[in-house]
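Okay, here's what each chain looks like letter by letter:
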Amino acid sequence: AVLPVCIDHTIFYPLQRSPSPPYRILVVGPDIEGTELEPLHFKGMHDIKKALGMLAAESSRFTVVRISNSERSIFKDVACEFYVAPSPELKTFLYGTAHILVYPSHYESWGLPPLEAMAAGAAVVCTATDAASEYCRHEMNALLVPPRTPSALADALGRLMHDPALLRTLVEGGHETARAYPKEREWDDLENMMYRFLSGVQGAE
């Protein structure tokens, strides 16, 4: 069985955010290359770094907010707010005040940050991976772009920055999506899965 990972709504919820630029663009993921045995290139951090450079060449109406579980490396020469393993309280603030979250992974098993951002009231730009297709719907609760395509990430971010109506549509759609994935659902699903397993074992005896 597959158990979807759900959201802690006591951490991820909307806060008051500025209705006008600069837009806060949140980027979540490791800031290191990884190792030969466990490379992290698939997280797409180089892609979004290039995309943000393209966006900066056209507009200064945004601030990059970076959350990582490692010290700064890939983004060492990028002007941004940089937070390493923030506390739950700080995560609440960073997600809750972000206007847009961009998630550039080449592939994922599930991909939780976009769902957390939806719960926190941020619009989502996400690569169109199989994992994203589980809960992301293009132009309904997210903008989906091809993986490994910095220009598409930049275009999607620019589109949201210049189309407040679309941004509101994605925020509203994302909020509805996030409501379907409370942490309690994960606990209930796990409990039901265990009961089904135990029933099958007892039936086989």
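Structure: above.
Keep in mind that what you see is a predicted model, and the values were worked out from it rather than measured.

Visitor: Just to check I follow, could you spell out the state of the cysteines for this structure?
Guide: Note: disulfide means a covalent bond formed between the sulfur atoms of two cysteine side chains. Taken as a whole and judged by the stated rule, the model has zero disulfides. Cysteine C6 shares no disulfide, and the gap to the nearest cysteine sulfur, in C136, comes to 14 Å.

Visitor: So what exactly am I meant to see when it comes to the packing of helix 1 (residues 45–58) against helix 4 (residues 150–162) here?
Guide: Pairs of packed helices are described in terms of their axes, by the angle between the two and the distance that separates them. Helix 4 packs onto helix 1 with a crossing angle of 50° between their chain directions and a minimal axis gap of 8 Å. The angle between the axes of helix 1 and helix 4 places the two elements in the oblique class. Crossing of helix 1 against helix 4: the hand is right-handed. Residues D47, I48, K50, A51, L52, M54 and L55 of helix 1 touch helix 4, and the partners they reach there are P150, S151, L153, A154, L157, G158 and M161. A class-by-class count of the residues in the contact of helix 1 with helix 4 yields 10 nonpolar, two polar and two charged.

Visitor: I keep staring at the nonpolar core and nothing clicks. Help me out?
Guide: With 32 residues, the main nonpolar core has I48, F75, V125, L157 and L160 as its most contacted residues. Of all the elements, helix 4 adds the most residues to this core, at seven residues. In this view, L157 contacts I25, I48, L52, L55, I100, V102 and V125; residues no more than four positions away in its chain are not counted. Core analysis: the next-biggest nonpolar cluster, separate from the first, contains 28 residues, L94, M118, C126 and C136 among them.

Visitor: Just to check I follow, could you spell out the sheet that holds strand 6 (residues 143–145) for this structure?
Guide: Taken in spatial order, the six strands of this open sheet run 3-2-1-4-5-6, and their pairing is parallel. The sheet terminates laterally at strand 3 (81–84) and strand 6, the two strands that pair on one side only. This sheet shows a mean twist of 20° between the axes of neighbouring strands, independent of strand direction. Where strand 4 (residues 100–103) meets strand 5 (residues 123–127), four bridges bridge the pair, whose relative direction is parallel. Paired with L101 across the bridge in strand 5 is V124. Packed onto the sheet, helix 4 meets strand 1 (23–28), strand 2 (62–68), strand 4, strand 5 and strand 6 and runs at close to 165° relative to strand 6. Together, strand 4, strand 5 and strand 6 form the strand contacts of helix 5 (residues 164–179), whose direction differs from that of strand 5 by roughly 85°.

Visitor: Just to check I follow, could you spell out the packing of aromatic side chains for this structure?
Guide: The description of an aromatic ring pair uses the distance of the two centres, along with the angle that the planes make with each other. Enumeration according to the criterion identifies five aromatic pairs in this entry. Seen in terms of ring centroids, F12 and Y95 are 4.8 Å apart; in terms of plane orientation they differ by 75°. Their pairing is edge-to-face. A residue pair is termed long-range when its members are at least 10 positions apart, and F12 in the segment before strand 1 and Y95 in helix 2 (residues 88–97) qualify at 83 residues. For the pair F12 and Y95, one class covers both residues: buried. An aromatic cluster of three or more residues is present, and its members are W110, Y135 and Y181. Across the ring face of F75, the terminal group of R66 is positioned such that the distance to the ring centre comes to 4.8 Å.

Visitor: Teacher, can you tell me more about the pairing of strand 2 here?
Guide: Side-chain direction in a regular strand flips from residue to residue, so the side chains alternate between the two faces of the sheet. With six of seven residues buried, strand 2 is to be regarded as a mostly interior element. By the bridge criterion, six bridges tie strand 1 to strand 2 in an arrangement that is parallel. Considered in strand 2, the bridge of R24 is made with T63. A crossover connection joins strand 1 to the parallel strand 2 through helix 1; in handedness this β-α-β unit is right-handed. The sheet contact formed by strand 2 and strand 3 spans four bridges and is parallel. Of the residues in strand 3, the one forming a bridge with S68 is V84.

Quick notes on the rules
- Residues numbered from 1 in each chain as written.
- Predicted model: local features only at pLDDT ≥ 70, side-chain atom pairs only at ≥ 80, totals over all residues.
- Heavy atoms only, no water.
- Disulfide = S-S within 2.5 Å.
- Axes fitted to C-alpha atoms, helices over the stretch in contact; angles between N-to-C directions.
- Helix = DSSP H or I, 4+ residues; strand = E, 2+ residues; numbered from the N terminus.
- Parallel < 35°, antiparallel > 145°, perpendicular 65-115°, else oblique.
- Left-handed = near helix turned anticlockwise from the far one by under 90°.
- Contact = heavy atoms within 4.5 Å.
- Nonpolar A, V, L, I, M, F, W, Y, C, P; charged D, E, K, R; others polar.
- Core = buried A, V, L, I, M, F, W, Y, C linked by side-chain atoms within 4.5 Å.
- Buried < 20%, exposed > 50% of the residue type's maximum accessible area, 1.4 Å probe, protein only.
- Pairing = 2+ DSSP bridges.
- Phe/Tyr/Trp six-rings, centres within 6.5 Å; stacked < 30°, edge-to-face > 60°.
- Lys NZ or Arg CZ within 6 Å of the ring centre and 35° of its normal.
- Right-handed = clockwise from strand over helix to strand, strands pointing away.

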